[in-house]
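# Descriptive analysis of the structure
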Amino acid sequence: PLMEETGLITRLDLYLWEEVCQMLQGWKARNENMVPISVNVSISDIAALDVAQVLWELVQKYQLEPKLLLVEITESMLAQNLKMVENTIAALHRKGFAVLMDDFGSGYSSLNILKNLPIQVLKLDILFFRQSVDIGRERIIIRNILTMAHELQMKTIAEGVETAEQVEFLKAAGCDIVQGYVYFKPMPLA
């Protein structure tokens, strides 16, 4: 939030997007396993830049396929300027980028938004559900969100997973990918 308030978020994001592309190019040059990497896009980026064009120029510069750079938007961005975000998502799709909705469930989730936005991946924020007083209701909601996402042809990622019990529940509920401290904490590239 501070970076967005000061207007520095776009400069930081431009730097990080380029760093990610350089890292991917290095992996490619060493014939390493190419794993897609997600980059965040803020509402400030969308307002200040042609995000799809900037990312397209970066993948061209580093001779990468757009499918290696996954673009994450947050659910809260949609409330700020839905039309602008929709236009950006459409432009990203035309360039071959996949778009993920990050932090789903952490704000005012709208099923209307899901029905109208062409999102390929839904990232469910499990931290949000930890605030629940009724774990049974929590699990019903998570299972149904996962089912709905799959019926909408979306892949699903649960983020913020910290225990083996959560992993087992999410696997049984049909979650495609689980990420969190249960596997690793953030670490240096090496």
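These figures come from a predicted structure and were not determined experimentally.

## Describing the environment of Asn87
- Mapped onto the secondary structure, Asn87 falls in helix α6 (residues 82–94).
- Sequence separation between Asn87 and Ala52 is 35 residues; the distance between their C-alpha atoms is 9.9 Å.

## Points about the pairing of strand β3 (residues 99–104)
- Counting buried positions along β3 gives five out of six residues, so the element sits mostly inside the fold.
- For strand β2 (residues 69–74) and β3, the ladder comprises four bridges, and the chain directions are parallel. Bridge pairing in β3 links Val71 to Val99.
- The pairing of β3 with strand β4 (residues 121–125) spans three bridges and is classified as parallel. Bridge pairing in β4 links Phe104 to Leu124.

## As for the sheet that holds β2
- With parallel pairing, six strands are arranged side by side in an open sheet as β1-β2-β3-β4-β5-β6. Here the strands that pair on one side only, and so sit at the sheet edges, are β1 (37–40) and β6 (177–178).
- Of the strand pairs in this sheet, β4 and strand β5 (residues 155–159) are connected by five bridges, and their pairing is parallel. Within the sheet, the bridge partner assigned to Val121 lies in β5 and is Lys155.

## Concerning unusual backbone geometry
- Positive phi values are uncommon outside glycine, yet Asn31 reaches one of about 55°.
- By secondary structure assignment, the location of Asn31 is in the loop between α2 (9–29) and β1.
- Relative accessible area serves as the criterion here: at 72%, Asn31 is assigned to the exposed category.
- Of note, Gln153 is a non-glycine position whose phi angle comes to about 65°, a positive value.
- Mapped onto the fold, Gln153 is located in the loop between α9 (135–151) and β5.

## A few points about the layout of surface pockets
- One number sums up the size of the largest pocket: a volume of about 980 Å³.
- What lines the largest pocket is a set of 24 residues, and nearest its centre among them are Pro36, Ile37, Ser38, Lys123 and Gln179.
- Every element with two or more residues in the lining of the largest pocket is listed here: β1, β2, β4, β5 and β6.
- Of the residues assigned to the lining of the largest pocket, the class counts are 17 nonpolar, three polar and four charged.
- Roughly 350 Å³ of internal volume is contained in the second largest pocket.
- Among the secondary structure elements, those contributing two or more residues to the lining of the second largest pocket are α1 (2–6), α2, β1 and β2.
- For the lining of the second largest pocket, the leading source of residues is α2, giving six residues.
- For the lining of the second largest pocket, the class distribution of residues is 11 nonpolar, four polar and three charged.

Rules and cut-offs
Residues numbered from 1 in each chain as written. Predicted model: local features only at pLDDT ≥ 70, side-chain atom pairs only at ≥ 80, totals over all residues. Heavy atoms only, no water. Helix = DSSP H or I, 4+ residues; strand = E, 2+ residues; numbered from the N terminus. Buried < 20%, exposed > 50% of the residue type's maximum accessible area, 1.4 Å probe, protein only. Pairing = 2+ DSSP bridges. 1 Å grid on protein atoms, 1.4 Å probe; cavity = no way out; pocket = protein on both sides within 12 Å on 5 of 7 lines; lining within 4 Å. Points joined across faces, edges and corners; volume = space filled by probe spheres on them. Nonpolar A, V, L, I, M, F, W, Y, C, P; charged D, E, K, R; others polar.

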